[in-house]
Amino acid sequence: MCAIAGILGSTAGDRELQKKMLGTMTRRGPDESGVMEGEGIALLHARLSVIDPVGGRQPMELTYGGVRYTMVYNGELYNTPELRRELENLGHRFRGHSDTEVLLHSYAQWGSDCLRRLNGIFAFGVWEREPGRLFLARDRIGVKPLFYTFRQGQFLFASEIKTLLAHPAVPPRVDAQGVAEVMLLGPGRTPGCGVFRGILELEPGCCGYFDGTVFRTERYWRLEDREHRESFKETKEHVRYLVTDAIQRQLVSDVPVCTFLSGGLDSSLISSVAARHLGDGQLTTFSVDYRDNDKYFTPGKFQPTSDPDFIRIMAKYLGSDHHWVVLDTVELADGLYEAVRARDLPGMADVDSSLLLFCERIKEKATVALSGECADEIFGGYPWYRDPEVRARAGFPWAQSTAWRASFLAEPYRRGLDPEEYVFSRYEATCRESRVLPGAGAQERRMKEMVNLNFRWFMQTLLDRKDRMSMWSGLEVRVPFCDYRIAEYLYGVPWEFKDWQGYEKGLLRCAMEDYLPQEVLWRKKSPYPKTHNPAYLAEVSRRLREVLARKDSPLLQIADRHALEDLLTAQYPWPWYGQLMNTAQTIAYMLQVNYWMQEYQVELV
């Protein structure tokens, strides 16, 4: 994986500016960097070497059919061998074995149509010298990020917001819409919104050309409903093939590979398939836990069982080289601020910082890891899929507390915004765009809407988290359940199959039943582990009191002091976001907002 950026305009040849922007990219790409400079254009690349360290250097150039192409690319292709063979049959010749070279030749051969042939995670830009145009594309699911802006006659793009903000034409300004994104939707974001004024994100499954004047984008992929004609047995076999094939493809690497292991269904399945594929004793696994969690864990609706016992069962079952990472309260709280610098925005509080610290430790032993994100969105594992009351209620099911969120807005923003309309209009628009076959029953239609809502919103928050927290330490984390073939196929599978015999992700469990011990296979869903130590709540509360004690704290420009003080003394029955962001995490989120405004010198406009 890597970081990419580009400058099209009068400052493209500014070497100091190039150096400054590259300096923001080194954590994503610590191994080497490169620049392609032409008339009015500079393409920047910082590399994390995973495949073909010599032959995969970037920016990469190719002259084909009389056109000179230069590409910068962040990602990984999982069908490289098939593409390479097809291109060789068409007369293409390769110097190395990197997926970068295969991608560049694919674009030279098929243009934007190459995107429909790619199986992978990617964000890339290609400069076509002779027509003088830039092509940008992002993978179907949105695993790899790509932001852009058009300022003062210059078009800029980058893997992360911080790289764009390093350009003098891009001040860190946030308007009322940006405040609404942070306070009413955060840590989620409206698709395509970069929060800072004028910064946009190329949406998943989209691409576009910049011709020097206008950036014209189009959607090349979306979830489409299909008639499902397979029996449950055939569906189960189909799922088994797709899941095992996706995992095996994503084990390809020229550097050490490991897996996350939480003891839950998804990470355990990935680890089990990987262990069988690699052979006895070759798999390394990592788990995260928290100081004194065994002492303070209390079963709840969303987290009925603690992870460690199941992790030990799986580590023994796999015979893996297993490693524990145990995090303490203070480092978890300190990590909140580093997580903001990694994400460029307030995030999922200690759910972010714990992953950042976890990845930092893993990087000491491995460069590539596989993780279980996105199975719940695709197979219907979240509680809101399966609770009829929540399912029937209009609004984003992971954040049904808009009135409470709005109470935190400072008075000028409360007057100037219509919080309910701001949030609900986005929910309704996503429901309307959900593709459902004519004649589908009410339940099936609603479940398709739920999948699309999760796909377009909640899953993107988790993918942002996964990408930024891992790449902050130069660790590439792959997500096999984000293989687009799995998403496409499962979208058309009826809900009664996914929820087989009334069990969450029943289809996935039945399809993969011989890969896991019974107690793990049928373990009730448990989310990403978080700290239950009351010392954490005490620590973040102390820090928020310090923020409130300072009259110049930037948080107080957008948040109501009385609501923040009330947050320190009350326990609310609903989470801020998802299943994990309860009172302690809501307090921590406000700390992140304050730090973000201060560290990024946010200018409110």
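Residues numbered from 1 in each chain as written. Predicted model: local features only at pLDDT ≥ 70, side-chain atom pairs only at ≥ 80, totals over all residues. Heavy atoms only, no water.

Trainee: In this structure, what is going on with the overall build of the protein chain? I would like to understand it.
Mentor: A count of helical and extended segments in the protein chain gives 25 helices and 19 strands. Relative to its length of 605 residues, the protein chain is compact, with a C-alpha radius of gyration of 23 Å against a globular reference of 25 Å. Across its three principal axes, the protein chain shows a C-alpha extent of roughly 65 × 60 × 55 Å. Within the protein chain, buried positions represent 65% of all 605 residues. In the structure as shown, the protein chain presents an accessible area of about 22300 Å², 48% of it carried by carbon and sulfur atoms. (Helix = DSSP H or I, 4+ residues; strand = E, 2+ residues; numbered from the N terminus. Rg over C-alpha atoms; globule rule 2.2 N^0.38 Å. Buried < 20%, exposed > 50% of the residue type's maximum accessible area, 1.4 Å probe, protein only. Areas by Shrake-Rupley, 256 points an atom, 1.4 Å probe, with all protein chains shown as cover.)

Trainee: It is not clear to me how a negative patch on the surface should be interpreted in this structure. Could you clarify?
Mentor: On the surface, a cluster of negative charge is contributed by Asp418, Glu420, Glu421 and Glu428. When you line up the elements, Glu421 lands in helix α17 (residues 419-433). Residue classification places Glu421 among the partly exposed residues on the basis of a relative accessible area of 46%. (Patch = residues over 30% accessible without salt bridge, like charges linked within 9 Å, V, L, I, M, F, W, Y side chains within 5 Å. Salt bridge = Lys/Arg side-chain N within 4 Å of Asp/Glu carboxyl O. Lys, Arg positive; Asp, Glu negative; His and termini not counted. Charge placed at Lys NZ, Arg CZ, Asp CG, Glu CD.)

Trainee: Help me understand the sheet that holds strand β1 (residues 2-8) in this model?
Mentor: What links the strands of a sheet is backbone hydrogen bonding, and the strands pair in either a parallel or an antiparallel sense. Across the sheet, six strands lie side by side as β2-β3-β1-β9-β8-β11; this open sheet has antiparallel pairing. The open sheet terminates on both sides in strands that have one partner only, identified here as β2 (32-38) and β11 (200-201). Two elements, β1 and strand β9 (residues 154-158), share four bridges in a ladder whose sense is antiparallel. Its bridge partner being in β9, Gly6 is matched across the sheet by Phe157. Strands β1, β2 and β3 (41-47) of the sheet are contacted by helix α1 (residues 15-23), whose axis makes an angle of about 145° with β2. (Pairing = 2+ DSSP bridges. Contact = heavy atoms within 4.5 Å. Axes fitted to C-alpha atoms, helices over the stretch in contact; angles between N-to-C directions.)

Trainee: Would you mind going over the sheet that holds strand β13 (residues 215-219) with me for this structure?
Mentor: The sheet built from six strands is open, its strands ordered β4-β5-β6-β7-β12-β13 with antiparallel pairing. If you trace the sheet from one side to the other, it starts and ends with β4 (60-64) and β13, each paired once. Neighbour-to-neighbour, the strand axes of this sheet turn through a mean angle of 20°, independent of strand direction. Across four bridges, the pairing between strand β7 (residues 133-138) and strand β12 (residues 206-210) is antiparallel. If you follow Leu136 over to β12, its bridge partner there is Gly208.

Trainee: Hey, could you run me through the nonpolar core in this one?
Mentor: By size, the foremost hydrophobic cluster in this structure holds 196 residues, and its most contacted members are Phe124 and Trp596. The element best represented in this core is helix α18 (residues 442-471), accounting for 11 residues. Those residues in contact with Phe124, other than ones at most four positions away along the chain, are Ile4, Met71, Val72, Tyr73, Leu103, Leu115, Leu118, Phe135, Leu136, Ala137 and Leu146. Ranked by size, the runner-up nonpolar core spans 18 residues in total, among them Met36, Leu43, Trp127 and Leu134. (Core = buried A, V, L, I, M, F, W, Y, C linked by side-chain atoms within 4.5 Å.)

Trainee: I'm lost on the packing of aromatic side chains in this one. Help?
Mentor: The geometry of two aromatic rings is summed up by the distance between their centres and the angle between their planes. Taken as a whole and judged by the stated rule, the model has 36 aromatic pairs. A ring pair is formed by Phe124 and Phe135, whose centres lie 6.0 Å apart and whose planes are at 55°; its orientation type is tilted. On the criterion of sequence distance, the pair formed by Phe124 in strand β6 (residues 120-128) and Phe135 in strand β7 is long-range, its members being 11 residues apart. The ring of Trp472 is capped by Arg27, whose NZ or CZ atom sits 4.1 Å from the centre of that ring. The aromatic ring of Tyr484 is capped on one face by Arg140, whose charged end is 3.6 Å from the ring centroid. (Phe/Tyr/Trp six-rings, centres within 6.5 Å; stacked < 30°, edge-to-face > 60°. Lys NZ or Arg CZ within 6 Å of the ring centre and 35° of its normal.)

Trainee: How should I be thinking about the environment of Cys374 in this particular structure?
Mentor: As for its placement among the helices and strands, Cys374 is situated in the loop between β17 (368-370) and α12 (375-379). Given a relative accessible area of 3%, Cys374 falls into the buried group. Taking the C-alpha atoms as reference, Cys374 lies 38 Å from Leu17; in sequence the two are 357 residues apart.

Trainee: Help me out: how do you make sense of the packing of helix α6 (residues 232-249) against helix α19 (residues 484-492) in this one?
Mentor: Helix packing geometry: the angle between the two helix axes and the distance between the axes. Relative to each other, α6 and α19 sit at 165°, their axes nearing to 9 Å. What the angle tells us is that α6 and α19 run roughly antiparallel. Handedness of the α6/α19 crossing: left-handed. Contact residues: α6 offers Thr235, His238, Val239, Tyr241, Leu242, Val243, Asp245, Ala246 and Arg249, while α19 offers Arg485, Ile486, Tyr489 and Leu490. Per-class residue counts for the contact of α6 with α19 are eight nonpolar, two polar and three charged. (Parallel < 35°, antiparallel > 145°, perpendicular 65-115°, else oblique. Left-handed = near helix turned anticlockwise from the far one by under 90°. Nonpolar A, V, L, I, M, F, W, Y, C, P; charged D, E, K, R; others polar.)

Trainee: Help me out: how do you make sense of the side chain of His322 in this one?
Mentor: Looking at where His322 falls in the secondary structure, it is placed in strand β16 (residues 321-327). There is a polar contact of 2.7 Å between the side chain of His322 and the side chain of Thr285. Residues in contact with His322, not counting those within four places in the same chain, are Leu261, Thr285, Phe286, Ser287, Ile311 and Ala315. (Polar contact = N/O pair within 3.5 Å; in protein donor to acceptor, adjacent residues only side chain to side chain.)

Trainee: How should I be thinking about the pattern of salt bridges in this particular structure?
Mentor: Where side chains of opposite charge bring their charged atoms close, a pairing between them can arise. This model, assessed by the stated rule, comprises 58 salt bridges. Between Glu37 and Arg15 there is a salt bridge; the shortest N-O distance is 2.8 Å. Placement of the pair is Glu37 in strand β2 and Arg15 in helix α1, with a sequence separation of 22 residues. Judged by its relative accessible area of 35%, Glu37 is partly exposed. Judged by its relative accessible area of 56%, Arg15 is exposed. With a shortest N-O distance of 2.8 Å, Arg485 and Asp245 are connected by a salt bridge. Placement of Arg485 in helix α19 and of Asp245 in helix α6 is noted, with a sequence separation of 240 residues between them. Beyond isolated ion pairs, a larger network of salt bridges with shared partners links Arg28, Arg138, Lys144, Glu160, Lys162, Arg189, Glu201, Asp344, Asp464, Asp467 and Arg468.

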